[in-house]
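# Coordinate analysis (summary)
Here is what each chain is made of, one letter per residue.
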Amino acid sequence: MKIDIVSIFPGYFDVLELSLLGKAAKSKLVDVTVHDLRDATTDVHKSVDDTPYGGGAGMVMSPEPWGTMLDGVLQEDSWLVVPSPAGQLFSQSLAVEFSQAPHLVFACGRYEGIDQRVVEHYRTTHRVVEVSVGDYVLNGGEVAALAMMEATVRLLPGFMGNPESLVEESHEKGLLEYPSFTKPRTWRGLDVPEVLLSGNHDAIRTWREEQSLERTRQVRPDLLED
Ligand code: SAM
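Residues numbered from 1 in each chain as written. Predicted model: local features only at pLDDT ≥ 70, side-chain atom pairs only at ≥ 80, totals over all residues. Heavy atoms only, no water.

### Examining helix α3 (residues 92-99)
Burial in α3 covers these residues: Gln92, Leu94, Ala95, Phe98 and Ser99. Buried residues along α3 cover an arc of 155 degrees about the axis, so they all sit on one side. Close packing links the buried residues of α3 with β5 (78-89), β6 (103-107), β7 (127-132) and α5 (142-153). (Buried < 20%, exposed > 50% of the residue type's maximum accessible area, 1.4 Å probe, protein only. Helix = DSSP H or I, 4+ residues; strand = E, 2+ residues; numbered from the N terminus. Arc of directions from axis to C-beta. Contact = heavy atoms within 4.5 Å.)

### As for the layout of surface pockets
Each pocket or cavity is described by its volume, and for the largest pocket that value is around 490 Å³. Residue lining of the largest pocket: 26 residues in total, with Pro83, Ser84, Pro85, Glu112 and Gly113 positioned closest to the centre. Of all the elements in the fold, those that place two or more residues in the lining of the largest pocket are β5 and β7. Sort the elements by how many residues they give to the lining of the largest pocket and β5 lands first, with five residues. Of the residues belonging to the lining of the largest pocket, the class tally is 13 nonpolar, nine polar and four charged. (1 Å grid on protein atoms, 1.4 Å probe; cavity = no way out; pocket = protein on both sides within 12 Å on 5 of 7 lines; lining within 4 Å. Points joined across faces, edges and corners; volume = space filled by probe spheres on them. Nonpolar A, V, L, I, M, F, W, Y, C, P; charged D, E, K, R; others polar.)

### A short note on empty space enclosed by the protein
Enumeration according to the criterion identifies one cavity of 30 Å³ or more in this entry. Roughly 30 Å³ of internal volume is contained in the largest cavity. Every residue along the wall of the largest cavity is listed here: Leu70, Leu80, Val82, Ala107, Ile114, Val118 and Val119. The set of elements that each furnish at least two residues to the lining of the largest cavity consists of β5 and α4 (117-123). Here the residues of the lining of the largest cavity are counted per class, giving seven nonpolar, no polar and no charged.

### Topic: the pattern of salt bridges
Pairing of side chains with opposite charge becomes possible as their charged atoms draw close. Under the criterion given, the structure shown has nine salt bridges. Residues Lys2 and Asp4 are paired through a salt bridge, measuring 3.2 Å at the closest nitrogen-oxygen approach. For Asp4, a relative accessible area of 4% translates into the label buried. (Salt bridge = Lys/Arg side-chain N within 4 Å of Asp/Glu carboxyl O.)

### Let's talk about the packing of aromatic side chains
Counting across every chain of the model gives three aromatic pairs. Ring geometry for Phe9 versus Tyr12: centroids 6.4 Å apart, planes at 55 degrees, classification tilted. Phe9 gets classed as partly exposed once you look at its relative accessible area, which sits at 39%. Seen in terms of ring centroids, Trp79 and Phe98 are 6.1 Å apart; in terms of plane orientation they differ by 80 degrees. Their pairing is edge-to-face. In this pair, Trp79 sits in strand β5 while Phe98 sits in helix α3, placing the two residues 19 residues apart along the sequence. Per residue, the accessibility class of Trp79 equals that of Phe98, and both read buried. (Phe/Tyr/Trp six-rings, centres within 6.5 Å; stacked < 30°, edge-to-face > 60°.)

### With respect to the nonpolar core
Core analysis: the biggest nonpolar cluster contains 31 residues, and Phe98 and Phe106 have the highest contact counts within it. Among the elements of the structure, β1 (2-7), α1 (19-26), β5, α3, β6, β7 and α5 are those that each provide at least two residues to this core. For this core, the element with the most residues is α5, which contributes seven residues. When near neighbours in sequence (up to four residues on either side) are disregarded, Phe106 contacts Ile3, Asp4, Ile5, Val6, Val81, Ala145, Met148 and Met149. By size, the runner-up hydrophobic cluster in this structure holds 20 residues, among which are Val6, Ala40, Val118 and Tyr122. (Core = buried A, V, L, I, M, F, W, Y, C linked by side-chain atoms within 4.5 Å.)

Keep in mind these numbers describe shape, not what the thing actually does.
Right under this line is the structure:
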């Protein structure tokens with residue numbers, strides 16, 4: 001999979017060298033390129049923003065550098081992902097969709113966001129998704145893009161050592177995952193649930209299903225409504 005990221009803070013993505021995502025890049029499972037939006041500016045100050053039409057606080061990212069940059073980065077089959085607190089909520093099912101896309105381009109906004117005409121314009125030629133990572137406001141799209149990339153890339157075939165571990169995870173079946181335990185059997189007076197030591201696979205499966213349902217009921221009852 002190919003991923004391009006456009007940001008005024010390309011250094012944010014140095015963390016991609018770390019952990020499993022870095023390994024995926026090294027093994028060519030994913031090919032990530034980070035672009036500095038300021039490289040697409042034409043003035044001496046490398047300006048990327050201007051005051052908002054209609055007034056109001058803050059600055060808005062100008063469409064010109066975005067247009068120049070995205071014209072060069074987008075390919076025919078690219079999906080343009082625009083992190084935005086006003087977008088549709090990111091979810092496991094969207095991560096699955098992203099993992100099947102041939103090319104993702106993340107456009108990371110700052111300030112009050114990107115001039116809306118950029119989204120409108122590329123919607124006429126590409127699949128454009130404005131996506132929120134939650135009902136809160138970040139300073140920029142970089143952290144949101146990193147979260148979406150991590151959720152997406154770990155779904156690529158060959159990424160996980162044991163692909164089975166993807167199957168039972170929270171949100172895969174619309175429920176939260178059951179709690180997990182490892183050795184030692186007793187820790188600070190707390191015991192591992194007896195059933196997990198029983199070797200009875202049916203009983204363990206039933207216990208996990210019940211725990212998964214109960215946890216979802218307690219923490220995320222909204223998931224059960226769906
Ligand atoms: N004025 C915008 C609004 O209220 O919708 C918020 C702009 S925010 C300060 C700057 C940038 O951070 C956004 O353009 C977006 O790229 C990113 N951002 C902030 N919160 C986000 C969220 N919850 N999900 C995804 N991106 C977010």
